Amino acid sequence: MATTATEKRLLVAGEWLETGHWQEVRSAYSGDVVARVAKAGADETRRAIDAAEQAMREPLPRHKRAEILVKVAGALGRRHEEVARLISDEAGKPMKAAKVEAARAMSTYTFAAVEARKLTGETVPMDASQAGEGKLALTLREPAGVVGAISPFNFPLNLVAHKIAPALAAGCAVVLKPASQTPLSALLLAELETEAGLPPGWLNVLVGPSSEIGDVLVEDERVKVLTFTGSSGVGWGLRERAPRKKVNLELGNSTPLIVEGDADLEAAASATATHGFSFAGQSCISIQRVYVERGSYDDFVGRLVPKVEQLVLGDPADEETDVGPVIDADARDRILEWLEEARRAGAEILTGGELEGDLIKPTVVANASPELKVSCEEVFGPVVVVNPYDTLEEAIELANGTRYGLQAGIFTSSLDSAFEAAQKLEFGGVTVNEAPTFRADQMPYGGVKDSGNTREGPAYAVREFTEPRLVVIDL
């Protein structure tokens, strides 16, 4: 076994490492210690990069990569309940949502295994120019090099999977730094990878301060690709510090949903109640801003508020719980401060806006002006803002009135309105009659503006971890 029941070690160079320093992982709900994890620093990070670089000197053939990824997917399926419980314990994610995440991670590995087998280059039509006559040319997709991966707390299993699985499918070794609040799911994945036959050095997992681990990943020239999911400020800062690396960023959002007067208001209200508050709104595409055509505004709000008030707030380990805690006290206090700012500015709290114990009650805010933090920044909490609009053009302008651009949505029965929104909403993805929180793991997922510069989903991410190599043959 790689670990004891209460102490988790780090994976470096195929060995489970104890550093002599420990950090505690505490439940976001109870505050109880879930585990103690070995704490890494700069020295362990350099050792991990050494191991990753050494591993890539003996490339893994595509079929071997695929076989390992398939085995991990199978293990996730067999241990689904255990994996979901671990996610819930460390992240405070309600079991309903944790089970979905565990299933999605299995899907992510499955799709990555497919990409490992079919990743290929292309032929180049050389005789399209006079200079190319008599030549045959093709491109190969070669691994870009060692990948440094940094993942967030909110999807501690599946967002890690979206980094590890495509990188391995591309033939890249990985040095992973999971979020310090939620490292246990990543360490479990490392166990499963090892059990599946992944050779030493191909995956290294380090837990510790970003100021040490992250700095080495940024500064060490042997790390050729950085893949980061997290806040916009940190992400773009990494790109500025590492101009010679590939830096793939999947960042935040202030997710808008437009509800036209001809929409199915019941479906739109249900989608908002579910996807505005799942995991206490701690998803970068959690519905945050809802714009409703004025003639249907009161009807929509009248449907939404009772649905929100029916959500079960409580212990994430309880199968009936819909909304649990935010990740820590700092996040809770920040959200409450933003709500108080909205109150002072004249916004109306239709429901929630206060604590029940240490948990923020699901909150619906009406008539919040665009410059308020609950409107223009990423709340990352159980808060939805609802405002009326008069024309679709106005609604699109309001939706676009943010520095973010990850995903947006519209509910309408008009094909014209749907296509107008799809063309004019400045976001990486637009959903129609579906919550913009929707994500299937094979689709190209990513944003524009401050929301990022890449697309995840194994078929798209795997190419981000490779470089094209041109081969020209004189016939």
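Quick note: structure is the one above.
Presented here is an overview of the structure given in this document. Just so we're clear, the structure is a prediction, and the values are computed from it rather than from any experiment.

### Brief notes about the packing of aromatic side chains
Inference 1: Evaluation of the coordinates by the stated rule reveals one aromatic pair.
Inference 2: Geometrically, the ring pair formed by F153 and F380 is edge-to-face, given 5.9 Å between the ring centres and 85° between the ring planes. With a gap of 227 residues between them, F153 in the loop between β8 (146-150) and α5 (158-170) and F380 in the loop between α12 (373-376) and β19 (383-389) connect regions that are remote in the sequence.
Inference 3: On the basis of relative accessible area, F380 is assigned to the buried category, the value being 17%.

### Some details on the sheet that holds strand β1 (residues 7-8)
Note on sheets: strands pair through backbone hydrogen bonds, and any given pair is parallel or antiparallel.
Inference 1: Read from one edge to the other, the open sheet built from three strands follows the order β1-β5-β4, with strand pairing classed as mixed. Looking at the sheet topology across the chains shown, the edges are occupied by β1 and β4 (22-26).
Inference 2: Most of the contacts of helix α6 (residues 184-195) go to strand β5 (residues 33-38), to which it runs at about 60°, and overall it touches β1, β4 and β5.

### Concerning the sheet that holds strand β20 (residues 407-411)
Inference 1: A sheet is described by the order of its strands in space; here seven strands give the open sequence β15-β18-β19-β14-β13-β20-β21, paired in mixed fashion. Pairing within the sheet leaves two strands with one partner each, and these edge strands are β15 (348-351) and β21 (429-432). When strand polarity is set aside, the average angle formed by the axes of neighbouring strands in this sheet is 25°.

### Some details on the pattern of salt bridges
Inference 1: Under the definition given, this model contains 36 salt bridges.
Inference 2: Residues E81 and K99 are paired through a salt bridge, measuring 3.8 Å at the closest nitrogen-oxygen approach. You can see E81 sitting in helix α3 (residues 80-91) and its partner K99 sitting in helix α4 (residues 95-118), a full 18 residues away along the chain.
Inference 3: Linked through salt bridges whose partners overlap, the residues forming this network are D50, E53, R57, D220 and R222.

### Focus: a nonpolar patch on the surface
Inference 1: On the surface, a nonpolar cluster with roughly 300 Å² of combined accessible area is contributed by L136, I473 and L475.
Inference 2: Here L475 lies in the segment after β22 (466-474).

### Let's talk about the state of the cysteines
Inference 1: A full pass over the atoms with the stated rule returns zero disulfides.
Inference 2: Of all cysteine sulfurs in the structure, the one in C284 sits closest to C376, which takes part in no disulfide; the separation is 18 Å.
Inference 3: Judged by its relative accessible area of 19%, C376 is buried.

### Digging into the packing of helix α9 (residues 265-275) against helix α10 (residues 294-309)
Inference 1: The contact between α9 and α10 brings their axes to 9 Å, and the two run at 45°. It follows from the interaxial angle that α9 and α10 lie oblique. Taken as a pair, α9 and α10 cross one another with a handedness that is right-handed. In contact with L265, E266, A268, A269, S270, T272 and A273 of α9, α10 contributes S296, D299, F300, R303, L304, K307 and V308.
Inference 2: Looking at the contact of α9 with α10, its residues break down into seven nonpolar, three polar and four charged.

So, how was this worked out
Residues numbered from 1 in each chain as written. Predicted model: local features only at pLDDT ≥ 70, side-chain atom pairs only at ≥ 80, totals over all residues. Heavy atoms only, no water. Phe/Tyr/Trp six-rings, centres within 6.5 Å; stacked < 30°, edge-to-face > 60°. Helix = DSSP H or I, 4+ residues; strand = E, 2+ residues; numbered from the N terminus. Buried < 20%, exposed > 50% of the residue type's maximum accessible area, 1.4 Å probe, protein only. Pairing = 2+ DSSP bridges. Contact = heavy atoms within 4.5 Å. Axes fitted to C-alpha atoms, helices over the stretch in contact; angles between N-to-C directions. Salt bridge = Lys/Arg side-chain N within 4 Å of Asp/Glu carboxyl O. Patch = residues over 30% accessible without salt bridge, like charges linked within 9 Å, V, L, I, M, F, W, Y side chains within 5 Å. Areas by Shrake-Rupley, 256 points an atom, 1.4 Å probe, with all protein chains shown as cover. Disulfide = S-S within 2.5 Å. Parallel < 35°, antiparallel > 145°, perpendicular 65-115°, else oblique. Left-handed = near helix turned anticlockwise from the far one by under 90°. Nonpolar A, V, L, I, M, F, W, Y, C, P; charged D, E, K, R; others polar.

None of this, on its own, says anything about what the molecule does.
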